[in-house]
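Residues per chain are reported as follows:
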Amino acid sequence: MREDTDMDKLFNNKNNKGQKMWGGRFSASPSEIMQEINVSIDFDKRLALQDIKGSLAHSSMLEAQGIITKEDMLQIHKGLKQIEEEILNLTFPFSPEFEDIHLNIENRLREIIGEAAGRLHTARSRNDQVATDFRLWVRDSLDSFEIQLLELMRALLQKASENTNTIMPGFTHLQSAQPVTFGHHMLAYLEMFNRDKSRFHDCRKRLNECPLGAAALAGTPFPIDRDFTSNALGFSKPMANSLDAVSARDFALEALSAATICATHLSRLSEELVIWMSAQFQFITLTDSYTTGSSIMPQKRNPDAAELIRAKVGRISGSLIALTMVMKGLPLAYSKDMQEDKEPVFDAFDSLDLGLKAMTGMIKDMQPNKEILQAAAGNAFSTATDLADWLVRKLNMPFRNAHHVTGKIVALAEQKGVTLSELTLDEYIKIEPKITKDIYSVLSPLSSAKSRVSYGGTAPAEVEKQVAIWSKILS
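Quick notes on the rules
Residues numbered from 1 in each chain as written. Predicted model: local features only at pLDDT ≥ 70, side-chain atom pairs only at ≥ 80, totals over all residues. Heavy atoms only, no water. Helix = DSSP H or I, 4+ residues; strand = E, 2+ residues; numbered from the N terminus. Contact = heavy atoms within 4.5 Å. Pairing = 2+ DSSP bridges. Phe/Tyr/Trp six-rings, centres within 6.5 Å; stacked < 30°, edge-to-face > 60°. Buried < 20%, exposed > 50% of the residue type's maximum accessible area, 1.4 Å probe, protein only. Expected span 1.5 Å × (residues − 1). Polar contact = N/O pair within 3.5 Å; in protein donor to acceptor, adjacent residues only side chain to side chain. Disulfide = S-S within 2.5 Å.

Here we take up the side chain of Ser-448. Note on placement: Ser-448 falls in helix α17 (residues 445-451). Sequence-distant contacts of Ser-448, defined by excluding residues within four places in its chain, comprise Pro-179, Thr-383 and Asp-386.

To continue, consider the pairing of strand β2 (residues 175-181). Pairing between strand β1 (residues 167-172) and β2: six bridges, direction antiparallel. Bridged to Ile-167 within β2 is Thr-181. Between β1 and the antiparallel strand that follows it, β2, lie two residues; His-173 among them carries a positive phi value of about 60°.

Counted under the stated rule, the structure contains twelve aromatic pairs. Taking 5.7 Å as the distance between ring centres and 45° as the angle between the ring planes, the aromatic pair formed by Phe-182 and Trp-276 counts as tilted. With a gap of 94 residues between them, Phe-182 in helix α7 (residues 182-207) and Trp-276 in helix α10 (residues 250-277) connect regions that are remote in the sequence. Like Phe-182, the residue Trp-276 is buried in the burial classification. With 5.9 Å between their ring centres and 90° between their planes, Tyr-428 and Tyr-440 make a pair best called edge-to-face. Note that Tyr-428 is positioned in helix α16 (residues 425-431) and Tyr-440 in the loop between α16 and α17, a separation of twelve residues in sequence.

Across its 24 residues, helix α12 (residues 342-365) extends 34 Å between first and last C-alpha, which sits within 8% of the 34 Å expected from 1.5 Å per residue. In terms of burial, α12 is largely enclosed, as 18 of its 24 residues are buried.

Below, the discussion takes up unusual backbone geometry. Note the cis peptide between Leu-332 and Ala-333, where omega equals 5°. When you line up the elements, Ala-333 lands in the loop between α11 (304-327) and α12. Phi angles above zero are rare outside glycine, and Glu-99 is one such case at about 65°. Among the structural elements, Glu-99 can be located in the loop between α4 (70-88) and α5 (101-113).

As a further point, take helix α6 (residues 126-162). Counted at 1.5 Å a residue, the expected span for α6 with its 37 residues is 54 Å, and the 54 Å between its end C-alpha atoms agrees. Most of α6 sits out of view: 27 of its 37 residues are buried. Two to three positions downstream of the cap, the backbone nitrogen of Asn-127 sits 2.9 Å from a side-chain oxygen, assigning the N-cap of α6 to Ser-125.

With the rule as written, the count across this model stands at zero disulfides. Here Cys-203 stays unpaired: no disulfide links it, and the sulfur of Cys-262, its closest cysteine neighbor, is 13 Å away. Cys-262 gets classed as buried once you look at its relative accessible area, which sits at 0%.

Take a look at the structure:
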């Protein structure tokens, strides 16, 4: 996929001339408006390398089946390889006159090798051709996202490993709730991104069936070997129904759905980085590499990369909705509406690609401010639940009673303007006579975190176990 993301820079040559590939039925040229709305080359040129790959496989199959000669096949391959070099060298003469990627390449092939180029399109249609190209492009993208997510997960794991004992406030409703470890917080996002990786992997498995050979919609009378082309292109098998093969775009919808969920996770992490960078929190530091300044306020250091990632979820989820609306009312099989399938996917995947790269860079760059985090972890009576749990464990008090007693203690501390650990033992005993000095053993943020030893808990020992597990998985 990453090679193709540079395609937007390519190919503005509009000087190629030639006849329409489909023009035999028509006696006049389309109007300028018809030409403008019909042409897709400005965006589907990103499928160029996939289109060549498909054509190489198709022509090899045609020769193996005796449908075209070996001489024609070798000429076709030679021409396609030259076209590939022109594409990679940014010299390919794309022209809107030939509508789309398929006809542009076929026209150029005819210029290079002559009549033999006309045999390439035997036993296929642009319908199965574009469905194949698009699946190949999305498949390449999903492979790329899995690699990028692994890199992001390794960055999160490194921060977790470095901060298994770093105490910070855990939040609910963005209010201080209970102390947690910074490493535990990092591992939470690692788990999310691992699920994203598995969604992309599952999507890839479902889309990995080959449409090529379905032709326009009904198959072909030529004795083609669809297993040949499927294997050559790395698909698991040919699609079993020709109507479905040319008209299905659920693979793109599923990929966009997975991308939207992944972008949502990126956005949530971005929001936390933005909050943590603020003067009111100062939980983390980012260097100049991932921050910007202000045109008027010289003191500012803005987490713009995180803010832009946070915004991109709107574009990505919007692309999912856009393609859903394109597909929702289409009868079988192919309709020209499906020309609108690629731009939302291209835009969404470009945004996700950039977001993953930027987030990985920020996580590597980020440094937690440990002293500030530890001080904040004790704010807002964050160990109140530990106090209630102590009453249950040590005094055999029903939790609801313990909750009520703890609430009265918190109210007293709040009234006096002190922390729970600053209340005297006499003040505790006035509220609950059975309380002993052992209560102070659970009132520090560190002791609170250390006590959370249940599987998946925030205790440093548990976090170290998870770090060891993930280190083995990601090594």
